[in-house]
Amino acid sequence: MAEGFSTPTEVAPPGVNINVPHSARIYDYWLGGKDNFAVDRAVGEAMIQAIPGMRYMAGENRKFVHRVARDLVQKEKIHQFLDIGTGIPTRPNLHEIAQQHEPSARVVYVDNDPIVLVHARALMISNPAGRSEYIAADLRNPRSILTHPALRETLDLQRPVGLTLIAILMLIADADDPWSLVDELRDALPSGSCLAITHPTADFNPTEVGAAVEAATGAGMTLVARTREAVTRFFGDWELLEPGITPVSAWRPDTKVEDPEAAYYWSGVARKP
C-alpha cells in the first residue's frame, strides 16, 4: 500500500471489503469525492503516477454523460435511461440532467458495489414528475438486470431506452466476452433505443496506459484498454450517431477542445434501427 494512505480507523458499510480496490471508489477519488478507502486511494494514486491527466480524463467522462443525456432527450426524444456501472453518485447525476429537459424522464441505475447502494437512495432523488431507481446487480449477468422488478416497474421496454455504459466495459476481460453481454442488452431494447459507451484505450498513449493497466492489475483488478475497432464492435449493427466513434472530449463538445486525445477514451452513441 502506498505510504501515507494507511487509515486504520476506516470503517466500511456492511458488505464492503476495504482491503480490495473497487473501480467506483477509485473513480470517486479521482473526482475529489470522499467515499473511498486507503486501498482505493493507493491504486488511484499509482494510476495517476502512470497517467498524470487521469483526473482530467475522469472529468471528461462525466461531461460526456451530461451531453449524452441532454442530446438523447432533446434530439432523440428518449425519456428513459438504463445506466449500468453507475459508480458513486456525483452531481449532477444522469437523471438530473435528463429531467432538466424532460421532467418526466425515468432512470434506472445499476452497480455492483455495496457502497454505491449506501448513497444511491439518498442522492438520486428524482423530480416528482419522473422517477429514478437503483438496482444492485452486475453487468456480467444481463438477465438479472433486465428481469429485475425495479427495472420492469420503472422503464417501459416497448419504448426507446438510452443505455449508458460509461467506463465499465474495461472491467471485463476479453476471455469473458463482454461483447456478448452487450449484445444481450441491445437485443432486449426496442427500435429507436440508443447505446452510449466510453472506453479507455492505449491508442493515444501506449506507454502511459500500459503503466496504468499494470498498476491496476497488480492490485488484483481487471482493467482492459481496447482499440477503436474493439470498442466499435460493442455497437453491433446499430447506427452510429454523428460524429461516430471519437475521443471522449470530441463527442459533440460544448466548447472547442484543443487536444481531444488528451483523454485516453474512445466514445460513441448508436441508435437501434
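In this text, all values refer to a predicted model and were calculated from it rather than measured experimentally. (Residues numbered from 1 in each chain as written. Predicted model: local features only at pLDDT ≥ 70, side-chain atom pairs only at ≥ 80, totals over all residues. Heavy atoms only, no water.)

Draft legend 1. Local environment of the nonpolar core. Counting 87 residues, the largest nonpolar core has Trp30, Leu82, Ile84, Leu165 and Val269 as its most contacted members. Top contributing element to this core by residue count: helix α3 (residues 54-74), with nine residues. Beyond its immediate stretch of four places on either side in the chain, Val269 contacts Phe64, Val68, Leu72, Cys194, Leu195, Ala196, Phe235, Glu239, Leu240, Leu241 and Trp251. (Core = buried A, V, L, I, M, F, W, Y, C linked by side-chain atoms within 4.5 Å. Buried < 20%, exposed > 50% of the residue type's maximum accessible area, 1.4 Å probe, protein only. Helix = DSSP H or I, 4+ residues; strand = E, 2+ residues; numbered from the N terminus. Contact = heavy atoms within 4.5 Å.)

Draft legend 2. Representation of the pairing of strand β5 (residues 194-200). The element β5 is largely enclosed, with a buried count of seven among its seven residues. Burial along β5 is two-sided: Cys194, Ala196, Thr198 and Pro200 and Leu195, Ile197 and His199, pointing in opposite directions, are all buried. Across five bridges, the pairing between strand β4 (residues 162-166) and β5 is parallel. Among the inter-strand pairings, Gly162 is bridged to a residue of β5, identified as Cys194. For the handedness criterion, the β-α-β arrangement of β4, helix α8 (residues 178-187) and β5 is classed as right-handed. Relative to strand β8 (residues 265-271), β5 runs antiparallel, the two being bridged by seven bridges. Looking at the pairing, Thr198 lines up with Ser267 of β8. (Pairing = 2+ DSSP bridges. Right-handed = clockwise from strand over helix to strand, strands pointing away.)

Draft legend 3. View of the side chain of Asp40. In this structure, Asp40 sits in helix α2 (residues 38-50). In this structure the side chain of Asp40 is engaged in a polar contact, spanning 2.9 Å, whose partner is the backbone nitrogen of Phe37. Dropping the residues within four chain positions of it, Asp40 is found in contact with Val20, Pro21, His22, Arg25 and Ile26. (Polar contact = N/O pair within 3.5 Å; in protein donor to acceptor, adjacent residues only side chain to side chain.)

Draft legend 4. Quick look at the environment of Arg131. Within the secondary structure layout, Arg131 lies in strand β3 (residues 131-136). A relative accessible area of 24% means that Arg131 is categorised as partly exposed. In sequence terms Arg131 and Arg106 are 25 residues apart; their C-alpha atoms lie 4.7 Å from each other. Apart from the residues within four sequence positions on either side, Arg131 is in contact with Gln99, Ala105, Arg106, Val107, Ser126, Glu153 and Thr154. From its side chain, Arg131 meets the backbone oxygen of Glu153 in a polar contact 3.3 Å long.

None of the figures reported here should be taken as evidence of function without further support.
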